[in-house]
Amino acid sequence: MFVAIVAGAACSSGSGRAPYLTQSAGSCPTVAERPSADPLPTDFRPVSAVRCTFRLAVHQSAASPSSGFAWVTAQRSTGPFDDLVRALHLPPQEQDGEPVCTADFVMPVLLALTDAAGNTVVPALPGTVCRTPLPEVRAALDALTWLETAHRE
């Protein structure tokens, strides 16, 4: 599970670099900071991380049905963060021509990093041309040990 955007048959035209992905602004009980459109600062050294996982939520009402995401778990990790920091500093994927993207759907995750001084950031993530986080970012997150700090049904 990770930050996600539904990818369609084709992503965008032209060439250049894929975007940085701004993380979900959905509420998370342990993250007060707002997501940034900027990548992780090069001098930022995290000592802890928090992530919230989400699930698809459909709310029915007489007026109109709506859907979105609701947080499910909040988790904390104390590292080590070397691989994650390296992955977050990678540039977004190069785009050449018209990419073909599968219709994979990945649930969003909100990632916040805190340094030794108590500064917390919610960085934009380097993305692929299909608007998903780079595989290196997902692998680095999956390699960390996470302890659940909050859960809701």
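What counts and how
Residues numbered from 1 in each chain as written. Predicted model: local features only at pLDDT ≥ 70, side-chain atom pairs only at ≥ 80, totals over all residues. Heavy atoms only, no water. Helix = DSSP H or I, 4+ residues; strand = E, 2+ residues; numbered from the N terminus. Buried < 20%, exposed > 50% of the residue type's maximum accessible area, 1.4 Å probe, protein only. Contact = heavy atoms within 4.5 Å. Areas by Shrake-Rupley, 256 points an atom, 1.4 Å probe, with all protein chains shown as cover. Salt bridge = Lys/Arg side-chain N within 4 Å of Asp/Glu carboxyl O. Pairing = 2+ DSSP bridges.

Draft legend 1. Representation of the overall build of the chain in the model. A tally of regular secondary structure across the chain gives 2 helices and 9 strands. Within the chain, the fraction of its 153 residues that count as buried is 41%. In the chain, of all internal contacts separated by at least 6 residues, the share reaching a separation of at least 24 is 80%. Carbon and sulfur atoms make up 53% of the accessible area of the chain, which amounts to about 8100 Å² in all.

Draft legend 2. Region of the structure containing the pattern of salt bridges. Counted according to the given criterion, the structure contains 1 salt bridge. Residue R86 is joined to D83 by a salt bridge in which the shortest nitrogen-to-oxygen separation is 2.4 Å. Placement of the pair is R86 and D83 together in helix α1 (residues 82–88), with a separation of 3 residues, close to one helical turn. For R86, a relative accessible area of 52% gives the class exposed.

Draft legend 3. Broad picture of the pairing of strand β6 (residues 109–115). For β6, the buried fraction is high: 7 of the 7 residues fall into the buried class. Burial along β6 is two-sided: the residues V109, L111, L113 and D115 and L110, A112 and T114 are all buried. Looking at chain direction, β6 and strand β7 (residues 120–121) are connected through 2 bridges and run antiparallel. Paired with L113 across the bridge in β7 is V121. What sits between the antiparallel neighbours β6 and β7 is a turn of 4 residues, in which G118 has the positive phi angle 90°.

Spatial relationships are all this shows, so hold off on functional conclusions.
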